[in-house]
Amino acid sequence: MASKLPPPPIVNPKRKNFLGQPAPQGYVAGVGRGATGFTTRSDIGPARDANDVPDDRHPAPAKRKKDDDEDLEEDLNDANYDEFAGYGGSLFNKDPYDKDDEEADAVYEAIDERMDEKRREYREKRRKEEIEKYRQERPKIQQQFSDLKRELCAVSEEEWKNIPEVGDARNRKQRLHGRREKFTPLPDSVLTRNLGGESSTSIDPKSGLASAFPGMLTPTGDLDLRKIGQARNTLMDIKLNQVSDSVSGQTVVDPKGYLTDLQSMIPTYGGDINDIKKARLLLKSVRETNPNHPPAWIASARLEEVTGKLQAARNLILRGCETCPNSEDLWLEAARLVPVDTAKNVIAQAVNHLVNSVKLWIKASELEQDMKAKKRVFRKALEHIPNSVRLWKAAVELEEPEDAKILLSRAVECCPTSVELWLALARLETYENARKVLNKARENIPTDRQIWITAAKLEEAHGNTTMVEKIIDRSINSLAANGVEINREHWLKEAVDAEKSGAVLTCQAIIKFVIGHGVEDEDRKHSWLEDADNFTSQGAFECSRAVYSHSLETFPAKKSIWLRAAHFERQHGTRDSLESLLQRAVAHCPQAEVLWLMGAKSKWLAGDVPAARSILSLAFQANPNSEEIWLAAVKLESENWEYERARKLLAKARNSAPTPRVLMKSAKLEWHLGDLAEALKQLQTAIEQFPDYPKFYMMQGQIHVLQQRMTQARESYNLGTRKCPTSVPLWLLLARLDESQGNMTRARSVLEKARQKNPQNSQLWLEAIRLEWKTGLKDIASAMMAKALQDCPISGLLWSETIFIVDRPQRKTKSVDALKKCEHDPHVLLAVSKLFWTERKTQKCREWFNRAVKIDPDFGDAWGYFYKFELLHGTVEEQNDVKKRCVQAEPRHGEVWTSISKGPQNWRARTEDILLLVAEALPVPV
């Protein structure tokens, strides 16, 4: 029989337990596996009628309600738009705001706060700096008027009273209407008319009053108020006279001192009275708490003095002296406050309590008027305080030399460590006794250099020159042995003081033994030359001379030191000292041509031509075939009218040293002597030997111009510009030649070609600008000037020309621009000087002329304008000073200066003569 199957279970085990149950809140099918990217019709469900019951199992998430004041629409204004972030506002403003969003916002806020803490210090510092900068640029009104507030302390009382009241003047009559009563003075006619007890109610046309006035009860006739006033003044005078004089005839009231007494009653302290009261209470508390504290008494007395209560101050300070009799400051303050007669008694009491107080004894001597009394006080003081240097010095100053010597001999016994007393005694003693005194001083004070230096000065003053160096040398060794540091700066200062006192040998000895102390060997030359310059700037010329002497002994073969020493002697020394130095220089440096030439020039300027020739002959032996020495010999002969000797020397030089300069000087000598044919011949030979030397072509062309052969001159200049295209003077001469012939077009083309060959050259630009200006084309000249300044922005030559090209109102602006671009250019400084000259500002003009010649002493045009200015506006002394400085500077350059100095007619002219010619040729600036 087949087995029987069990019955099926009531509940299917494969069925899930959640089937048939409602979905939990917020459940979305497929969200766990990410199947939420599509929807079907079954998800949406069938269409529902409006009356059906809604299914709230899956409600839509609740949206945040907007506040009433929040805009319902998005703000799409342009002001709310940003190129990066778009329109302002939150992108997720319409989404729900849950706990996750709140937690995220809290995290971000914490991060922002943390980052803000890191940058907070820097941000606050930066904000503070910006505020300070803003306050500096735009200060508060209070700060703007701070200087005016400080000036109020100088306003007098009368000026303060005259300051008008500040108030609101708008509708003033309406606001003050009814607030104050009006009082109108009555005329005498009203009073006289109402004397009879009458009453007037009618309008008087004269007085214009409509009020009723009661009359007087006792009529006395006509009333004259002027007489009443005179009677009142008379009565006042009688009363004052009665008060002024008593029965015995003595004056009770001093009329002259009455106002002075009133003035003295006015307190001088201008502060708040409450501050004074507080200060009094505080100081009183201090005095009562600690009565033995002297500063409290002094402060109290000074407070009363400041507030004008002098007697109270005196009483306080005297009570303080009684309370603190051992306080030196209290007694001195009491002596200051009380009258002179009382002060003597006060100081006498003070000395009894403080017999060893130097200040009290000196105050006692100051209170005495008689000289004998002063001496008596000091002697009494020295009995009690014999070791006070201050008292000894004060006592010695009052005595005659003999008595002072006695006092000083006693003083050095009582104060053996006082250098000043020993030196003062040595000055008063004789030579032998002074030496003994200084020896004793060295024994008592072996560590002071002043005693040694004074001993050296003493020996020098008495002619014992050999001992000066020994004493200084011994002093340095002795001080070093006693552990004293040799301070180089202090010793050099002592050398300057010695020179000023007339002790030249002592000064030289100090420098000789101290100049090398503490200086490394490799720095000696540089350091010593700096010391010499410092001494020269201080006016200590002997110290500078000693430094150069020691440097030359150490470095005898250094040409630079010899040159510095020679320039120093030429400026601050004598001719003999310069020649002596140069003789030593050429002995040590025979190959230095400049030293030979300086020696020869010195002899020539002194008028000793044979000595100059001998020096040059020795220079030839030391430097054979030297171009400089050849030319110096030629100049010496030509300046002394020895033209044949000069020609022979040049002929020898051309054979032995045929340099371009020698050939040029040969042709120039013939030109100056009038032999133009020989000059042209030598120039042609020179051009064949040295075709690239531009001065040959320039001289050849200039000689042709003198001979009126313009074609040959143009050929010479053209050939020169082809051979030497970088020579700017050649191009200028060629352009000026064409300009002089009236051919402006060719001149322009020449200058244009020159600028192409020599770019950024200010001289060529300036010549082209002046050419256009002369032809009347000022607009073209101005445009060309603008191009020139773009090409050469820091050219002082162009900027100086710009200042006077523009109209007069623009000159000052152009001068400021020129100074910004070329602050230290002599041409710009000269142009500014001329500008002040045109404005008649003579003092400023003189200052700027001085600046110009100081920056470039070789600029001859500045000297010429300066001298012409002094001729017109200066004194004779100022004119001579400018001429002297110009001769010392020996200028060689300048447009007008070179055109005159290089002229054939001025070839033998001196600097002084050229200065006069240049000043005469220069125009007065307008």
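Since the model is a prediction, treat every value here as computed from it, not as a measurement. (Residues numbered from 1 in each chain as written. Predicted model: local features only at pLDDT ≥ 70, side-chain atom pairs only at ≥ 80, totals over all residues. Heavy atoms only, no water.)

Brief notes about the overall build of the protein chain
Reasoning step 1: Within the protein chain, the secondary structure is distributed over 48 helices and two strands.
Reasoning step 2: Looking at the protein chain alone, contacts between residues at least 24 apart form 50% of all its contacts between residues at least 6 apart.
Reasoning step 3: Looking at the protein chain as shown, the accessible area adds up to about 61,000 Å², and 52% of this sits on carbon and sulfur atoms. (Helix = DSSP H or I, 4+ residues; strand = E, 2+ residues; numbered from the N terminus. Contact = heavy atoms within 4.5 Å. Areas by Shrake-Rupley, 256 points an atom, 1.4 Å probe, with all protein chains shown as cover.)

Brief notes about the nonpolar core
Reasoning step 1: Counting 111 residues, the largest nonpolar core has Leu391, Trp392, Trp491, Ile511, Phe535, Cys543 and Leu595 as its most contacted members.
Reasoning step 2: For this core, the two domains that each supply at least three residues are domain 1 (273-428) and domain 2 (446-549).
Reasoning step 3: Beyond its immediate sequence surroundings of up to four residues, isoleucine 511 is in contact with Leu492, Ala495, Phe535, Cys543, Ala546 and Val547.
Reasoning step 4: Counting 76 residues, the second largest nonpolar core, distinct from the first, contains Ala686, Trp731, Ile805 and Phe836. (Core = buried A, V, L, I, M, F, W, Y, C linked by side-chain atoms within 4.5 Å. Buried < 20%, exposed > 50% of the residue type's maximum accessible area, 1.4 Å probe, protein only. Domains from an automatic or database assignment.)

Some points on helix H25 (residues 524-538)
Reasoning step 1: Here H25 spans 21 Å end to end across 15 residues, near enough to the 21 Å set by a 1.5 Å rise per residue.
Reasoning step 2: Contact partners of the buried residues in H25: helix H23 (488-500), helix H24 (504-514), helix H26 (541-554) and helix H27 (559-572).
Reasoning step 3: Phi turns positive one or two residues past the end of H25, at glycine 539, with a value near 85 degrees. (Expected span 1.5 Å × (residues − 1).)

Some points on the packing of aromatic side chains
Reasoning step 1: According to the stated counting rule, one finds nine aromatic pairs in the structure shown.
Reasoning step 2: Ring centres of tryptophan 528 and phenylalanine 555 lie 6.0 Å apart, and the angle between their planes is 55 degrees; on these two criteria the pair is classed as tilted. Of the two residues, tryptophan 528 sits in helix H25 while phenylalanine 555 sits in the loop between H26 and H27, which places them 27 residues apart along the sequence. The pair formed by tryptophan 528 and phenylalanine 555 is uniform in burial state, with each residue classed as buried.
Reasoning step 3: The interplanar angle of 55 degrees and the centroid separation of 4.8 Å between the aromatic rings of tyrosine 693 and phenylalanine 696 together place this pair among those described as tilted.
Reasoning step 4: One Lys or Arg, arginine 287, reaches over the ring of tryptophan 297 and ends 5.6 Å from the middle of that ring.
Reasoning step 5: A cation over a ring is seen here: arginine 851 above tryptophan 848, with NZ or CZ 4.3 Å from the ring centre. (Phe/Tyr/Trp six-rings, centres within 6.5 Å; stacked < 30°, edge-to-face > 60°. Lys NZ or Arg CZ within 6 Å of the ring centre and 35° of its normal.)

A short note on helix H20 (residues 431-444)
Reasoning step 1: Spanning 14 residues, H20 covers 20 Å between terminal C-alpha atoms, matching the ideal 20 Å at 1.5 Å per step.
Reasoning step 2: Taken as a whole, H20 has its buried residues at Tyr431, Ala434, Val437, Leu438, Ala441 and Arg442. The buried residues of H20 occupy an angular sector of 140 degrees when projected down its axis, which confines them to one face. For H20, the exposed residues lying more than 90 degrees away from the buried face are Lys436 and Glu443. (Arc of directions from axis to C-beta.)

Here's the deal with the side chain of aspartate 825
Reasoning step 1: Relative to the elements of secondary structure, aspartate 825 occurs in the loop between helix H42 (811-821) and helix H43 (826-838).
Reasoning step 2: As a buried residue without a salt bridge, aspartate 825 has its nearest oppositely charged side chain in lysine 834, at a separation of 12 Å.
Reasoning step 3: Contact partners of aspartate 825, with chain neighbours within four places excluded, come to Gly796 and Leu797. (Lys, Arg positive; Asp, Glu negative; His and termini not counted. Salt bridge = Lys/Arg side-chain N within 4 Å of Asp/Glu carboxyl O.)

A look at the confidence of the model for the protein chain
Reasoning step 1: For the protein chain, per-residue confidence averages 76 on the pLDDT scale, and 78% of positions sit at 70 or higher.
Reasoning step 2: Across residues 246-251 the pLDDT falls below 50, and counting only partners more than four positions away or on other chains, this stretch makes five contacts in the model.
Reasoning step 3: Every residue in residues 261-267 scores below 50 in pLDDT, and together they form one contact with partners more than four places removed in sequence or on other chains. (pLDDT = per-residue confidence, 0-100.)

Considering a negative patch on the surface
Reasoning step 1: Together, Asp98, Asp100, Glu102, Glu103, Asp105, Glu109, Asp112 and Glu113 make up a negatively charged patch on the protein surface.
Reasoning step 2: Locating aspartate 105 in the fold gives a position in helix H2 (residues 99-137).
Reasoning step 3: Look at aspartate 105 and you get partly exposed, because its relative accessible area is 33%. (Patch = residues over 30% accessible without salt bridge, like charges linked within 9 Å, V, L, I, M, F, W, Y side chains within 5 Å. Charge placed at Lys NZ, Arg CZ, Asp CG, Glu CD.)

Describing unusual backbone geometry
Reasoning step 1: In this structure, glutamine 708 takes a positive phi of about 65 degrees despite not being glycine.
Reasoning step 2: Tracing the backbone through its elements, the reader meets glutamine 708 in the loop between helix H35 (694-706) and helix H36 (710-723).
Reasoning step 3: Taking the relative accessible area as the measure of exposure, glutamine 708 reaches 61% and is therefore exposed.
Reasoning step 4: Phi is positive for glutamate 890, which is not a glycine, with a value near 50 degrees.
Reasoning step 5: Note on placement: glutamate 890 falls in the loop between helix H46 (876-889) and helix H47 (895-901).

Quick notes on the packing of helix H33 (residues 660-672) against helix H34 (residues 676-689)
Reasoning step 1: Interaxial distance between H33 and H34 falls to 8 Å at its minimum, and their mutual angle equals 165 degrees. Our classification of the angle between H33 and H34 gives roughly antiparallel. Where H33 crosses over H34, the two elements pack in a sense that is left-handed. Here H33 contributes Leu663, Ser666, Ala667, Glu670 and Trp671 to the contact with H34, which in turn contributes Leu676, Glu678, Ala679, Gln682, Leu683, Ala686 and Gln689.
Reasoning step 2: For the contact of H33 with H34, a count of residues per class yields seven nonpolar, three polar and two charged. (Axes fitted to C-alpha atoms, helices over the stretch in contact; angles between N-to-C directions. Parallel < 35°, antiparallel > 145°, perpendicular 65-115°, else oblique. Left-handed = near helix turned anticlockwise from the far one by under 90°. Nonpolar A, V, L, I, M, F, W, Y, C, P; charged D, E, K, R; others polar.)

A few points about the environment of glutamine 790
Reasoning step 1: Residue placement: glutamine 790 occurs in helix H40 (residues 778-791).
Reasoning step 2: With 30 residues separating them in the primary sequence, glutamine 790 and glutamine 760 have C-alpha atoms 9.4 Å apart.

Brief notes about the packing of helix H38 (residues 744-757) against helix H39 (residues 762-774)
Reasoning step 1: Relative orientation of the contacting elements H38 and H39 amounts to 160 degrees, with a least axis distance of 10 Å. Considering the angle they form, H38 stands roughly antiparallel to H39. Note on packing geometry: the crossing formed by H38 with H39 is left-handed. For the pair H38 and H39, the contacting residues are Met744, Ala747, Arg748, Leu751, Ala754 and Arg755 in the first and Leu764, Trp765, Glu767, Ala768, Leu771 and Glu772 in the second.
Reasoning step 2: Its residues assigned to classes, the contact of H38 with H39 comprises eight nonpolar, no polar and four charged.

As for the pattern of salt bridges
Reasoning step 1: Inspection of every chain in the model, using the stated rule, returns 27 salt bridges.
Reasoning step 2: Of the charged contacts in the structure, one is a salt bridge between glutamate 117 and arginine 114, with a shortest N-O distance of 3.7 Å. With glutamate 117 and arginine 114 both in helix H2, this residue pair falls three residues apart, about one helical turn.
Reasoning step 3: Exposure remark for glutamate 117: the relative accessible area of 41% places this residue in the partly exposed category.

Observations regarding the environment of lysine 603
Reasoning step 1: Secondary-structure assignment places lysine 603 in helix H29 (residues 593-605).
Reasoning step 2: A relative accessible area of 17% means that lysine 603 is categorised as buried.
Reasoning step 3: Setting aside chain neighbours within four positions, we find lysine 603 in contact with Glu579, Asp608, Ala611, Ala612 and Ile615.

A look at a positive patch on the surface
Reasoning step 1: A surface patch of positive charge is lined by Lys635, Lys665, Lys695 and Lys902.
Reasoning step 2: Position of lysine 635 relative to the elements: it lies in helix H31 (residues 627-639).
Reasoning step 3: For lysine 635, a relative accessible area of 44% translates into the label partly exposed.

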